[in-house]
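# Structural characterization, general
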Amino acid sequence: MPPGAWGKIKVSKTGSANHEAAARYVHFSGRVARIRARGHSAQAARIALVRKLQELNGAEASEGDLTPLTTVAELGTFWLREKRVQQISSNSIKAYTSTIRNQIVPVIGERRLRDCRTSVLDRVIQDRAALGYSPTMLRKVLHGMFAVAVRHDVMASNPVREVARISRPRREIEYLDLAQIQEVRALIEASIRKPRPGPRPTTDLRDAVDLILGTGCRIGETGALIYPEIDLGAGNPTLTVSGTIITETGVGTFRQPWTKSSAGYRTLYVPPFAVEILLRRQVENGANPHGAVFPTRRGTWRQISNWERMWNQVVDGTAYDWVTFHTFRKSVATLIDREVGIEAAQAQLGHDDSDITRDFYVHKASVAPDLTLYLEKFRP
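For clarity, every value in this text was computed on a predicted model and none was experimentally measured. (Residues numbered from 1 in each chain as written. Predicted model: local features only at pLDDT ≥ 70, side-chain atom pairs only at ≥ 80, totals over all residues. Heavy atoms only, no water.)

## Quick notes on the packing of helix H7 (residues 204-215) against helix H11 (residues 325-339)
- It is at 8 Å that the axes of H7 and H11 come closest, and there the two elements cross at 30 degrees. In terms of orientation, H7 lies roughly parallel with respect to H11. The residues of H11 that touch H7, namely those facing Leu205, Val209, Ile212 and Leu213, are Phe325, Phe328, Arg329 and Val332.
- When grouped by side-chain class, the residues that make up the contact of H7 with H11 number 7 nonpolar, no polar and 1 charged. (Axes fitted to C-alpha atoms, helices over the stretch in contact; angles between N-to-C directions. Helix = DSSP H or I, 4+ residues; strand = E, 2+ residues; numbered from the N terminus. Parallel < 35°, antiparallel > 145°, perpendicular 65-115°, else oblique. Contact = heavy atoms within 4.5 Å. Nonpolar A, V, L, I, M, F, W, Y, C, P; charged D, E, K, R; others polar.)

Written out as structure tokens, the structure is:
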């Protein structure tokens, strides 16, 4: 028997009209000992012994250990703790925490790991999807949690691996062509010139959009650009994407010194129109303690929600109210894929896998091989 397990329980009657249950138990060290418990009946003695053995098993496991008696809620806490040690972005941690707290714990939080079978988790994912929750995120979190249980020898295999996938109709990738981009730029210019009370409007939004179009960066990466990592004096000017903007409750808004993934840490060549924007901003804007390209008026980092609010004020009520900052990234990916190829688009956007770029960012139909020579045989 492995450590923490016990053998067959035998119950005998003692001389004092009580009953005694006994079983051999394997300690964490490997030592085998007989454990006993008494009760007024055979069933009471058996229940008392099982509780004693369970308590002994839990006492021998350290605080961070997982056992078959660990609950799903405790496994979720354990998994999140590992994710924080791995320096996952705080936005990802928030999404994982929300999924565990709102979708997993209320449904199976008190269930023991030994009772978590594929059928149970399949039902959880199917039921939550029917309520409108994202099955992709829920499946991802559950798979990660139970992978930890497998790694800690609590489970022989990951029960989430065989859960049925929920297919959804493929959404067409929305992007902007060159003419539409000029129309969106005109909307931004009109918003800048529009009379309004308060401080004079800045060119921050216009410049940020143009830099996204010139680099393919995310809005968080664009807002986190710093001049020490931009080389405008080189023959081919470059900038390095090395961080993103994060806002945490109780902490505030700050620049996280790493990107969404390892592939996101990249150096990009900057086209001439984007070089002009960076040079102008460096001259027109005063120095700030962070060396930020897009500081606020007070020299601090701008929240992503503020960028989104500024953008919504421009497009709300127009024909382009469907456009987001992510739409510009898709436009960049589509252009590069058509002109160069999918691998170049993947590298520019900072994706780990070209399949992500192809499936979610590039607008085009699959191209079949040229089979006209063979199909011509059907000529009437």
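So, next bit.
## Concerning the pattern of salt bridges
- One pass over the structure, following the stated rule, counts 18 salt bridges.
- For arginine 281, the salt bridge is made with aspartate 207, and the minimal N-O distance between the two is 2.9 Å. Taken together, the residues span a long stretch of sequence, with arginine 281 in helix H9 (residues 272-284) and aspartate 207 in helix H7 at a distance of 74 residues. Across the pair, aspartate 207 and arginine 281 agree in class, each one buried.
- Connected through shared salt-bridge partners, Glu189, Arg193, Asp204, Arg206, Asp207, Arg280, Arg281, Glu284 and Arg302 make up one network. (Salt bridge = Lys/Arg side-chain N within 4 Å of Asp/Glu carboxyl O. Buried < 20%, exposed > 50% of the residue type's maximum accessible area, 1.4 Å probe, protein only.)

## Re the nonpolar core
- Ranked by size, the top nonpolar core spans 43 residues in total, and within it Trp311, Phe325 and Phe328 carry the most contacts.
- Those elements giving two or more residues to this core turn out to be helix H6 (178-193), H7, strand S5 (238-241), H9, helix H10 (304-315), H11 and helix H12 (342-349).
- In terms of residue count, H7 provides more of this core than any other element does, 6 residues in total.
- Every residue in contact with tryptophan 311, bar those within four places of it in the chain, is listed here: Val184, Ile188, Leu205, Val209, Val323, Thr324, Phe325 and Phe328.
- Within the second largest apolar cluster, 27 residues are counted, among which are Ile100, Ile104, Leu113 and Phe146. (Core = buried A, V, L, I, M, F, W, Y, C linked by side-chain atoms within 4.5 Å.)

## Let's talk about the sheet that holds strand S3 (residues 32-39)
- Spatial strand order, S1-S2-S3: 3 strands in an open sheet with antiparallel pairing. What marks the edges here is a single partner per strand, and that holds for strand S1 (10-13) and S3. On average, each strand axis in the sheet is tilted by 25 degrees relative to the strand beside it, whichever way the strands run.
- The sheet contact formed by strand S2 (residues 19-26) and S3 spans 8 bridges and is antiparallel. Each residue of the ladder has a partner; that of alanine 23, found in S3, is isoleucine 35. (Pairing = 2+ DSSP bridges.)

## Some thoughts on the packing of aromatic side chains
- The full count for this structure, using the stated rule, is 5 aromatic pairs.
- Pairing tryptophan 311 with phenylalanine 328 gives two aromatic rings, centres 5.4 Å apart and planes at 80 degrees, and the pair type is edge-to-face. Taken together, the residues span a long stretch of sequence, with tryptophan 311 in helix H10 and phenylalanine 328 in helix H11 at a distance of 17 residues.
- Take phenylalanine 328: its relative accessible area is 1%, and that puts it in the buried class.
- Arranged with centres 6.4 Å apart and planes meeting at 40 degrees, the rings of tyrosine 320 and tryptophan 322 form a pair that is tilted.
- Judged by its relative accessible area of 29%, tryptophan 322 is partly exposed.
- Arginine 302 extends its terminal NZ or CZ atom over the ring of tryptophan 307, reaching a point 4.8 Å from the ring centre. (Phe/Tyr/Trp six-rings, centres within 6.5 Å; stacked < 30°, edge-to-face > 60°. Lys NZ or Arg CZ within 6 Å of the ring centre and 35° of its normal.)

## Quick look at H9
- The terminal C-alpha atoms of H9, which comprises 13 residues, lie 18 Å apart, in line with the 18 Å expected from a rise of 1.5 Å per residue.
- Residues of H9 that are buried include every one of Ala274, Val275, Ile277, Leu278 and Arg281, and no others. Take H9 and look down its axis: the buried residues cluster within an arc of 160 degrees, on one side only. Structural note: H9 exposes Pro272, Glu276, Val283 and Glu284 on the side pointing more than 90 degrees away from its buried face.
- Those residues of H9 hidden inside the fold are in contact with H7, strand S4 (230-231) and S5. (Expected span 1.5 Å × (residues − 1). Arc of directions from axis to C-beta.)

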